[in-house]
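Descriptive structure summary
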Amino acid sequence: MAARNPQGGRPGASNSRFAQFKLVLLGESAVGKSSLVLRFVKDQFDDYRESTIGAAFLTQTIALDESTTVKFEIWDTAGQERYKSLAPMYYRNANCAVVVYDITQASSLDKAKAWVKELQRQANENIIIALAGNKLDLVTDSPDKRAIPTADAEQYAKDSGLLFFETSAKTSENVKELFTAIAKKLPLDQAGPRSMRASATRPGVDLRPEAHSTQGAGGCNC
Amino acid sequence: MEEVAPEYDVVVLGTGLTECVLSGVFSVKGKKVLHIDRNDHYGAEAASVNLESLFKKHGNYTKGEEPWKKYGRANDWNIDLVPKLLMSNGELTNILVSTDVTRYLEFKQIAGSYVQQGSGPKATVAKVPDGPAEALRSPLMGIFEKRRAKKFLEFVGSYKAEDPATHGGLSLDRCTMKEVYDKYGLEANTRDFIGHSMALYSTDDYINTPGVAKEAITRIRLYVNSMARYGKSPYIYPLYGLGELPQGFARLSAIYGGTYMLNTDVDEILWENGKAVGIKATMKERIEDGEGMKFETKCKTILADPSYFPGKVRVTGHLLKAVCILNHPVASTDNSDSCQLIIPQSQVGRKHDIYIAVVSSAHNVCPKGYYIAIVSTIAEGTSNHHLELQPGFDRLGRIEEKFMGQPIPLYEPLESGQNDNVYISKSYDATSHFETTTDDIRGVYRRAAGEELVVEGLRDGQNLVTDE
């Protein structure tokens, strides 16, 4: 997996574009980072999901149009953010990030803002960041539960150049829209989390026993 | 901040590679793991650091100046603290694949493997043969010797431990490597490059030790098979430096529920009847005011690197190491962007080999045009350590910057850990690869878990959400 070459176009299908990007999730504990991803990737939701275990590496593709497919390689924090112990590896070569807060928890937007700052410090300069106010379902029936007005978050997102959605992992509202908006904003022609890595003088090696050779150009195991 | 749980199965101290692999394995196997490091970064002694940190660590510049600035962005540098490479077919590769940690890393080949013959101005540097066919072309040997070496390497290639017919009429479990070399009539120089640049022994102790023949042959086979895997050298290396390895295994551990706390000092180990039963610790970021977050937690087992238990380890030797920044490839290495160059001890009148490991911007460890060469050996004297590394420096040509600290003590635990529940790893030794590190990982696991570590199949049948 790790040695796959970035693919600007699938071999033999010259009219179609296939691009792969690394997406990282950030946000306070219990705002629904993993739930958002599980809804997006598996179209599932579990009310009583324990804090992050197992959603740590998922992929999902979005067809933007007939000829353009975007594949997200999604990294969850695996809980390492809990005590401020995320490794630099997490941010490395991330093309896009979803920073999640809980619209019923006033403090979670401040945390989200801090994560945006951290991204600007650690990640690629041109990373695309989306702000997601999750748990929209909780305020549909009882609007008084809302702690963060849509307009406030929207203004902050606008000022900081972030995409912005209020989402519900539970009802799936705006989840697909969120990821599609990110996909549309990504620079498809210079695609791939791997493309920003080493010079192309010598391709990487695939360690898996089943892939027992150096990867030549065009070797896509996606 | 969230409260730390009152009890864990395993508390791991230090985020070096050994500790992170063990943390990952224990988490995958369902143990509840708390993993702590006093530093603000992952990797401990196996971290990779940027150029600014390296200058500041060694203090070799005038106060007020910022010499790292002339080498591009400090963060484009990832300089390994441990001078090692991975064998393509080695055990660490096996562990990486078996645990799927390869998902988080990307590897590249090291472009060449070289050995020095002779010393001083007459020294020659040549490629290490990758098997019988190349032995015939090697400038390391004369024409008749090439044929003998070819025969020897063919014997090694066909060797199967379980088939005595392939043992060349020798009882390899009992005989010395000298007897094997004698049988093939190999010259001293040939023995030297085979033993030191293929079997990767760093001293000559192996030659006359009865029963080592089998191990030596297995090591040469590992070299040849690693070489055959990708072609240019038996070594591979992770992009962004070796510091990525502990991070990858820490992530594995976290995915399986392991809890991570950097910036955390262990204030006290809690004991009961001579056994460790918990820790008191404080998590506090350096820039943070106040006392930080103090906590106490119980545990059944403590795993730690030697630095957390200075009273429970002994020094087995000292590693000498100099990091050199170059702006050119190393001479006689075919302009390789990376290589391993071994100077066998006998060639330069020493008892321990000198290793040179070179990586470059091809591995995303420095800006374009630069090369990082780490020269290392085991200290044989108590002073003038710089001179001990000199034959290595002689190979490098012009050196832009040189960072050489005090000799680095190598530790090993005094006890197995079974009496006090504290299982301590060894320091990263002077060998050029991670095979001894994985031996140590297996050893600590065996002592602490009471069973052999089987990594094969670790990723299968795990209760994880995954789409592949």
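Before reading further, recall that the structure is shown in the block above.
Below or above, wherever it landed, is the structure these notes cover. What you see is a predicted model; the values in this text were computed from it and never measured. (Residues numbered from 1 in each chain as written. Chains lettered and ligands numbered in written order. Predicted model: local features only at pLDDT ≥ 70, side-chain atom pairs only at ≥ 80, totals over all residues. Heavy atoms only, no water.)

1. Here we look at the overall build of chain A
Let me state the cut-off plainly: Every helix listed is a DSSP run of H or I at least four residues long, and every strand listed is a run of E at least two residues long, numbered separately from the N terminus. Each residue is placed in one exposure class: buried if its accessible area under a 1.4 Å probe, protein chains only, is under 20% of its type's maximum, exposed if it is over 50%, and partly exposed if it falls in between. In this description, contact between two residues means that some pair of their heavy atoms is separated by no more than 4.5 Å.
Looking only at helices and strands, one finds six helices and six strands in chain A. Seen in sequence order, chain A has helices and strands lined up from the N terminus as β-α-β-β-α-β-α-β-α-α-β-α. Per-residue burial for chain A yields a buried fraction of 54% across its 222 residues. A fraction of 71% describes how many contacts in chain A between residues 6 or more apart in sequence connect residues 24 or more apart.

2. Here's the deal with helix α9 (residues 244-255) of chain B
Residue and element names in this part refer to chain B. This is how it is decided: Here the expected length of a helix is defined as 1.5 Å per residue gap, with one fewer gap than residues.
Taking 1.5 Å per residue as the helical rise, α9 with its twelve residues ought to reach 16 Å, and the 16 Å between its terminal C-alpha atoms agrees with that figure. For α9, the tally of buried residues reaches twelve of twelve residues, placing the bulk of the element in the interior. Of all the residues in α9, the buried ones are Glu244, Leu245, Pro246, Gln247, Gly248, Phe249, Ala250, Arg251, Leu252, Ser253, Ala254 and Ile255.

3. Concerning the environment of B:Lys275
Residue and element names in this part refer to chain B. Put simply, the test is: We call two N or O atoms a polar contact when they sit within 3.5 Å, provided that within protein one can donate a hydrogen and the other can accept it, with sequence-adjacent residues counted only if both atoms are side-chain atoms.
Inspection of the secondary structure assignment puts Lys275 in strand β12 (residues 275-283). Separated by 149 residues in the primary sequence, Lys275 and Ile424 have C-alpha atoms spaced 14 Å apart. Filtering out sequence-adjacent residues up to four positions away, Lys275 remains in contact with Leu270, Gln418, Asn419, Asp420 and Asn421. Polar contacts involving the side chain of Lys275 include one to the main-chain carbonyl oxygen of Asn419, which spans 3.4 Å.

4. A word on the layout of surface pockets
Put simply, the rule reads: Space inside and on the surface of the protein is sampled on a 1 Å grid over the protein atoms alone, with a cavity defined as a set of points where a 1.4 Å probe fits but cannot get out and a pocket as an open set with protein on both sides within 12 Å along at least 5 of 7 lines; lining residues have an atom within 4 Å of a point. Grid points are joined across faces, edges and corners, and a volume is the space filled by probe spheres set on the points.
The space that makes up the second largest pocket amounts to roughly 660 Å³. The biggest single contributor to the lining of the second largest pocket is helix α11 (residues 435-449) of chain B, with five residues.

5. Considerations on the side chain of B:Thr203
All names here are of chain B. As for its placement among the helices and strands, Thr203 is situated in the loop between α7 (188-198) and α8 (212-230). Of note is the side chain of Thr203, whose polar atom sits 3.2 Å from the backbone nitrogen of Asp205. Beyond its immediate sequence surroundings of up to four residues, Thr203 is in contact with His196, Gln345, Lys351 and His352.

6. Comments concerning helix α1 (residues 33-42) of chain A
Where burial is concerned, most of α1(A) is hidden: nine out of the ten residues are buried. At the exit of α1(A) stands A:Asp43, carrying a positive phi of roughly 55°.

7. Topic: the packing of helix α1 (residues 17-28) of chain B against α9(B)
All names here are of chain B. This is how it is decided: For helices, the axis comes from a line fit to the C-alpha atoms of the stretch in contact; other axes are also lines fit to C-alpha atoms, and the angle between any two N-to-C directions lies between 0 and 180 degrees. Should an angle fall under 35 degrees it is called roughly parallel, over 145 degrees roughly antiparallel, and 65 to 115 degrees roughly perpendicular, with every other angle called oblique. Take the far helix as the reference: if the near one is turned anticlockwise from it by less than a right angle, the crossing is left-handed, and if turned clockwise, right-handed. Any residue that is not Ala, Val, Leu, Ile, Met, Phe, Trp, Tyr, Cys, Pro, Asp, Glu, Lys or Arg is counted as polar, Gly included; the first ten are nonpolar and the last four charged.
Relative to each other, α1 and α9 sit at 20°, their axes nearing to 8 Å. The angle between the axes of α1 and α9 places the two elements in the roughly parallel class. With respect to the hand of their crossing, α1 and α9 are arranged in left-handed fashion. Side by side, α1 and α9 meet where Leu17, Cys20, Val21, Ser23, Gly24, Ser27 and Val28 of the first sit next to Leu245, Pro246, Phe249, Ala250, Leu252 and Ser253 of the second. Taken together, the residues of the contact of α1 with α9 sort by class into nine nonpolar, four polar and no charged.

8. Structural notes on the sheet that holds strand β5 (residues 86-87) of chain B
Residues and elements named next belong to chain B. Spelled out, the test is: A pair of strands counts as paired when DSSP detects no fewer than two bridges linking them.
With antiparallel pairing, three strands are arranged side by side in an open sheet as β5-β9-β6. Of all strands in the sheet, those with a lone pairing partner are β5 and β6 (107-109), marking the two edges. Of the pairings in the sheet, the one linking β5 to strand β9 (residues 235-238) comprises two bridges and is antiparallel in character. Within the sheet, the bridge partner assigned to Met87 lies in β9 and is Tyr235.

9. Looking at unusual backbone geometry
Look at A:Lys135: it is not a glycine, yet its phi comes out positive at around 75°. With respect to the helices and strands, A:Lys135 occurs in the loop between β5 (128-134) and α4 (136-141). In the Ramachandran plot, B:Asn384 falls in the positive-phi region, its phi being about 55° despite a non-glycine side chain. Examined against the element boundaries, B:Asn384 turns out to sit in the loop between β17 (371-378) and α10 (385-396). The class of B:Asn384 is exposed, set by a relative accessible area of 54%.

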